[in-house]
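Report on the structure
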Amino acid sequence: GERLQPVTLSETVWSGMIQMNQLIATTGKLSEQDDTVFQGGGKGHKRVLTPNMIEYRQRHWKRFCDHLRPVDIVIDGANAGYFDQNFAGAPKHVNYQQIDSLVEALGADARILLILHSRHCSKPLMPDHAIPYLNKWKKILYQTPGSMNDDWFWLHAALKYRARVVTNDEMRDHHFQMVAPISFLKWRDRHQIHFDFAGDWKQK
């Protein structure tokens, strides 16, 4: 008759995951002492970052951290927008309607952060019907900069505020890079929300 309680992660594990993700985002390293030339997960050689690129990453990362406020749910916008959009003749841009359907479904009482790469918000690249969506999302949308992986941003927000993250991404790259992969999997299993869409969501 007792309700089982989840095994909580220690504060050390939480801070360790946050610090590692931040180091990967800003320096390309897994730790301060990391001198390996290979990425995790069999991804091959690491990209060599120039001082200018490191400065660029750190500047944009600081801007993001300064922007952040406590949130309950983080949405991986690209993952939602590209979901099931590999049909013949599919457009190259994300499905903005799918993203909005998640915002609508989750946003009644929750504090939401929507992460979307800046290329999906660039007027020359997006269709006209996307503009009203961007206007609607102004208060919840963060556009990540070019040459940086948007995964780093939604992962940081989700870890920092211990929020739920809406994505079907299995995060294998992050799992293999983490020093404490079992802890990362425990976090993922408890904080990830998977999604699906009913009906025909093909777009022009």
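Residue numbers restart at each chain and count upward from 1, following the sequence in its written direction. Per-residue local features are limited, in this predicted model, to residues with pLDDT of at least 70; the limit for side-chain atom pairs, both in listing and counting, is 80 or more; totals at the level of whole chains, interfaces and linings are taken over all residues. As a rule here, side-chain values come from all non-hydrogen atoms in the structure, and water together with hydrogens is ignored.

**Digging into the pairing of strand S1 (residues 73–76)**
Think of it in three bands: residues with accessible area under 20% of the maximum for their type are buried, residues over 50% are exposed, and the middle band is partly exposed, with areas taken using a 1.4 Å probe on protein chains only. Secondary structure elements follow DSSP: runs of H or I of four or more residues count as helices, runs of E of two or more count as strands, with numbering from the N terminus. The alternating pattern of S1 places Ile73 and Ile75 and Val74 and Asp76 on opposite faces, both of which are buried. Here S1 runs beside strand S2 (residues 112–117); their pairing, made up of 4 bridges, is parallel. Bridge pairing links isoleucine 73 to isoleucine 112 in S2. Of the pairings in the sheet, the one linking S1 to strand S4 (residues 164–166) comprises 3 bridges and is parallel in character. Note on S4: the bridge partner recorded for isoleucine 73 is arginine 164. Two strands are said to pair when DSSP picks up at least two bridges between them.

**Brief notes about the environment of methionine 148**
Relative to the helices and strands, methionine 148 is located in the loop between strand S3 (141–144) and helix H6 (150–160). Each C-alpha atom of the pair methionine 148 and histidine 117 lies 8.8 Å from the other, and the pair is 31 residues apart in sequence.

**Things to note about H6**
By the criterion of burial, H6 is predominantly enclosed, with 10 of the 11 residues buried. Listed as buried for H6 are Asp150, Asp151, Trp152, Phe153, Trp154, Leu155, His156, Ala157, Ala158 and Leu159. Taking the backbone nitrogen of aspartate 151 as reference, a side-chain oxygen 2.9 Å away marks asparagine 149 as the first, capping residue of H6. In the stretch just after H6, arginine 162 is the one whose phi turns positive, near 50°. Each polar contact in these results corresponds to two N or O atoms within 3.5 Å; when the atoms are within protein, one needs to be able to donate a hydrogen and the other to accept it, and residues that are neighboring in sequence are counted only if both atoms are side-chain atoms.

**A look at the sheet that holds S3**
For sheets, the rule is that strands pair by backbone hydrogen bonds, running either parallel or antiparallel. An order of S3-S2-S1-S4-S5 is seen for the 5 strands of this open sheet, with the pairing classed as parallel. Single-partner strands in this sheet number two, and they are S3 and strand S5 (192–193). Bridge analysis of S2 against S3 gives 4 bridges, and the strand direction is parallel. From the neighbouring strand, histidine 117 faces S3, where its bridge partner is threonine 144.

**Here's the deal with the packing of helix H1 (residues 11–27) against helix H2 (residues 51–67)**
Note on method: axes are straight lines fitted to C-alpha atoms, helices fitted across the in-contact stretch only, with angles between N-to-C directions ranging 0 to 180 degrees. The interhelical angle for the contact between H1 and H2, taken along N-to-C directions, is 135°, at an axis separation of 7 Å. On the basis of the axis angle, H1 is oblique to H2. Only Ile54, Arg57, Gln58, Trp61 and Cys65 of H2 make contact with H1, whose side of the interface consists of Asn21, Gln22, Ile24, Ala25, Thr26 and Thr27. Think of it as three bins: nonpolar holds Ala, Val, Leu, Ile, Met, Phe, Trp, Tyr, Cys and Pro, charged holds Asp, Glu, Lys and Arg, and polar takes everything else, Gly as well. Here the contact of H1 with H2 is built from residues that sort into 5 nonpolar, 5 polar and 1 charged. The scheme is simple: roughly parallel for angles under 35 degrees, roughly antiparallel for over 145, roughly perpendicular for 65 to 115, oblique for anything else. We call two residues contacting when some pair of their heavy atoms lies within 4.5 Å.

**Side note on helix H4 (residues 96–106)**
Those residues of H4 that fall on the buried side of the exposure criterion are Tyr96, Gln98, Ile99, Asp100, Leu102 and Val103. Residues of H4 that are buried in the fold lie against S1, helix H3 (77–82), S2, helix H5 (131–136) and S4. Measuring from the backbone nitrogen of glutamine 97 back to the side-chain oxygen at the start of H4 gives 3.1 Å, which picks out asparagine 95 as the cap.

**Let's talk about the packing of aromatic side chains**
Stacked, tilted and edge-to-face are the three classes assigned to paired rings of Phe, Tyr and Trp, where Trp is represented by its six-membered ring and a pair needs centres within 6.5 Å; plane angles under 30 degrees give stacked, over 60 edge-to-face, the rest tilted. Tallied over the entire structure, the rule returns 10 aromatic pairs. On the numbers, 5.1 Å between centres and 50° between planes, the contact of tryptophan 61 with phenylalanine 153 is tilted. Placement of the pair is tryptophan 61 in helix H2 and phenylalanine 153 in helix H6, with a sequence separation of 92 residues. Plain terms: the ring middles of tyrosine 133 and tryptophan 137 are 5.8 Å apart, the flat faces sit at 25° to each other, and that makes the pair stacked. Look at tryptophan 137 and you get buried, because its relative accessible area is 0%. By way of ring pairs, the aromatic residues Trp61, Phe64, Tyr142 and Phe153 are connected into one cluster.

Without other data, these values stay purely geometric and don't point to any function.
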